[in-house]
Amino acid sequence: MTKVTQSTAELADRYLMQTGRRLPVTFVRGRGCVVYDDSGREYLDMVAGIAVNLLGHAHPDVVAAITKQAAELIHTSNLYYTQPQIDLARRLVELSFPARVFFSNSGAEANEAAIKLARKWGTKNRDGAFEIISANGSFHGRTLAAVTAGGQHKYSDPFKPLPPGFVHVDFNDADAIEAATDEKTVAVMLEPVMGEIGIIPAAPGYLKRVREWCDRNNLLLILDEVQSGLGRTGRWFAHQHAGITPDVMTLAKGLGGGVPIGATLAIPRADVFEPGDHGSTFGGNPLACAVASTVLEVVDRDGLVGHAAEMGELLHASIQDLGATQTRGLGLMQAFQFEQPKAKPFQNACLESGLIVNAVDDNTVRLVPPLIITAEQIDRAHDLMRKAAG
Ligand SMILES: Cc1ncc(COP(=O)(O)O)c(C=O)c1O
């Protein structure tokens, strides 16, 4: 691996806020599931920009959609109608459930909109109830409300005082949700597969029971499908594995194939925003929407949801002999956990050998490759991971 030159690292230190640690590589281009660094060295990408590049890098249809739309109209604001935004909203609704859509630019913003929607809904329908029950260990983004909704103190505590109205219980424990519900509760907000913490799928029956509890108690069910949505788990949306639909669903990451976009879908009962309640200058601009519609079209045309299910099984089978004590996942959202704290050295060894994986903590490695990954590429990743595991 080429090392990042001293001047790259120094310049980055000098001019970029240090919000995260970077691995010592500078990427300059990509194609399919492969990216290249500034020395021309090739890497197989099992992270896809953190579950973003559904169609890999430089997909010809994505490049063509960006080029075409950029030459026509990039941005107008939401003071006016634009056809790509309406087309994308319609397609998302066709793929999911009867709803209307608010567009933003990221997962955090999509969740922020969901939280605001729930609070307004509580004011109108539940006597001012405002509390949202979410899961310990969950991740919903970095705005102040989203980071508070997320159940990880390391991300929220430095920013106290946090907004009130968030209660956390253990994931996969429906009893705990029932016990935490009171007259202040307005919604339950969950990831159907917890992603950032290291891929923890909802246990069988859990989402169904939470859905029933929300129905019985007039609560909204908000599902954050920012990471799990759009084919990644082998269904268009992860909640479809559970045979339920949420009242509010958030999407981002894969939707734009790498171009930033977020979306919040709400069923008619939950869709209480009125003109002036919420907004975003860039949200749903014609460029992002035209590209996102192309991503959905290609995922559909090329059968990538079924392909993700199939490749997910191969990937899951391939991580069984890496010396991990636990392997888990759904479709192309997979992780394995070592007993020893060796995930970061493992990630570095993989990078040295031309493979991109993601250590989410000291023990756990996450794999969220593009949906276009092939069986041969999974074999190659497996060979390199075996070597890195020692
Ligand atoms: C489930 C989930 N929700 C929300 C987010 C936040 O998305 P963004 O970084 O686009 O704000 C993430 C990002 O990792 C996520 O995995």
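Each remark here, short or long, concerns the structure printed above.
Position labels on residues start from 1 in each chain and follow its written sequence. Only residues with pLDDT of at least 70 get local features here, since the model is predicted, and only at 80 or more are side-chain atom pairs given and counted; chain-wide, interface and lining totals rely on the full set of residues. For the side-chain quantities, the full set of heavy atoms in the structure was used; hydrogens and water were omitted.

A closer look at unusual backbone geometry
Cis geometry is found at the peptide bond from Lys160 to Pro161, where omega equals 5 degrees. Backbone geometry places Ser77, a non-glycine residue, at a positive phi of 80 degrees. Relative to the assigned elements, Ser77 resides in the loop between α3 (60-72) and α4 (83-95). Of note, the phi angle at Ile199 is positive, near 60 degrees, even though the residue is not glycine. Burial status follows relative accessibility: with a 1.4 Å probe on protein chains alone, a residue under 20% of its type maximum counts as buried, one over 50% as exposed, and anything between as partly exposed. The class of Ile199 is buried, set by a relative accessible area of 0%. A run of H or I in DSSP becomes a helix once it reaches four residues, and a run of E becomes a strand once it reaches two; helices and strands are each numbered from the N terminus.

Quick look at the site of the ligand
Every residue near the ligand is listed here: Ser106, Gly107, Ala108, Asn111, Phe139, His140, Gly141, Glu191, Asp224, Val226, Gln227 and Lys253. At 3.4 Å, a backbone N or O of Phe139 approaches a nitrogen atom of the ligand. Contact distances for the ligand include 2.8 Å between an oxygen atom and a side-chain N or O atom of Gln227. In these tables, accessible area is a Shrake-Rupley quantity obtained with a 1.4 Å probe, and a residue counts as shielded only by the protein chains included in the view. Here the ligand has 390 Å² of accessible area as a free molecule, and 82% of this is covered by the chains. It is helix α5 (residues 107-125) that contributes the most residues to the shell around the ligand, three residues altogether. All residues other than Ala, Val, Leu, Ile, Met, Phe, Trp, Tyr, Cys, Pro, Asp, Glu, Lys and Arg, Gly among them, are scored as polar; the first ten of these are nonpolar and the last four charged. In the shell around the ligand, the residues fall into three nonpolar, six polar and three charged. Neighbouring residues are identified by heavy atoms, a residue being near a molecule or strand if any of them is within 4 Å of it. Side-chain atoms alone can form a polar contact between residues adjacent in sequence; in general such a contact is a pair of N or O atoms within 3.5 Å, and within protein one must be able to donate a hydrogen while the other accepts it.

Everything listed here is a matter of geometry and, on its own, says nothing about what the molecule does.
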